[in-house]
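Architecture and fold: a report
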Amino acid sequence: QVQLAESGGGLVQAGGSLRLSCAASGRTVTSYTVGWFRQAPGKEREFVAGIRWNSGISLISDSVKGRFTISRDNAKNTVYLQMNSLKPDDTAVYNCALSEVVGFYSDSYYTAKSAYDYWGQGTQVTVSS
């Protein structure tokens with residue numbers, strides 16, 4: 001059984017930082033692509049960042065590029081989303097997700113919600129102005 005557990009969310013002032021964690025069980029994060037998505041109230045869920053299964057290459061959305069980074073700890077089977085220079089517009093529920101698709105697909109494939117098979121329950125990030 002695959003489970004993803006997010007943690008690290010909270011309330012932070014604009015300009016601050018948070019690090020989100022996604023602890024996986026039932027799958028090894030180095031063997032599958034793991035992504036982070038977010039959904040703000042009244043908005044569609046959007047891709048934030050991903051780390052590819054084969055190369056470990058990071059995929060970062062333009063909206064957070066230069067501020068957010070994604071990484072993984074193989075020993076802990078955990079993927080992290082480091083968020084710096086946070087803005088009120090970053091306020092959302094953040095979910096991590098795991099894709100079981102391991103073929104040689106383009107980076108853009110892994111920015112779509114449909115590419116992912118398992119989802120965590122999410123963690124709230126609130127950025128105050």
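Everything that follows concerns the structure shown earlier in this document.
Summarised in this report is the structure supplied together with it. Keep in mind that what you see is a predicted model, and the values were worked out from it rather than measured. (Residues numbered from 1 in each chain as written. Predicted model: local features only at pLDDT ≥ 70, side-chain atom pairs only at ≥ 80, totals over all residues. Heavy atoms only, no water.)

**Quick look at the pairing of strand β9 (residues 92-99)**
Most of β9 sits inside the fold, with seven of its eight residues counted as buried. Inspection of the sheet shows strand β4 (residues 33-39) paired to β9 by seven bridges, in the antiparallel sense. The residue of β9 that forms the bridge with Thr-33 is Ser-99. Two elements, β9 and strand β11 (residues 123-128), share three bridges in a ladder whose sense is antiparallel. Among the inter-strand pairings, Tyr-94 is bridged to a residue of β11, identified as Thr-123. Two elements, β9 and strand β10 (residues 118-119), share two bridges in a ladder whose sense is antiparallel. Each residue of the ladder has a partner; that of Ala-97, found in β10, is Trp-119. (Buried < 20%, exposed > 50% of the residue type's maximum accessible area, 1.4 Å probe, protein only. Helix = DSSP H or I, 4+ residues; strand = E, 2+ residues; numbered from the N terminus. Pairing = 2+ DSSP bridges.)

**Concerning the sheet that holds strand β7 (residues 68-73)**
Spatially, four strands are ordered β1-β3-β8-β7 in an open sheet, and the strand pairing comes out antiparallel. One side of each edge strand has no neighbouring strand; the edge strands of this open sheet are β1 (3-7) and β7. Adjacent strand axes in the sheet meet at a mean angle of 15° when their direction is disregarded. Pairing of β1 with strand β3 (residues 18-25), which is carried by five bridges, proceeds in the antiparallel orientation. Considered in β3, the bridge of Glu-6 is made with Cys-22. (Axes fitted to C-alpha atoms, helices over the stretch in contact; angles between N-to-C directions.)

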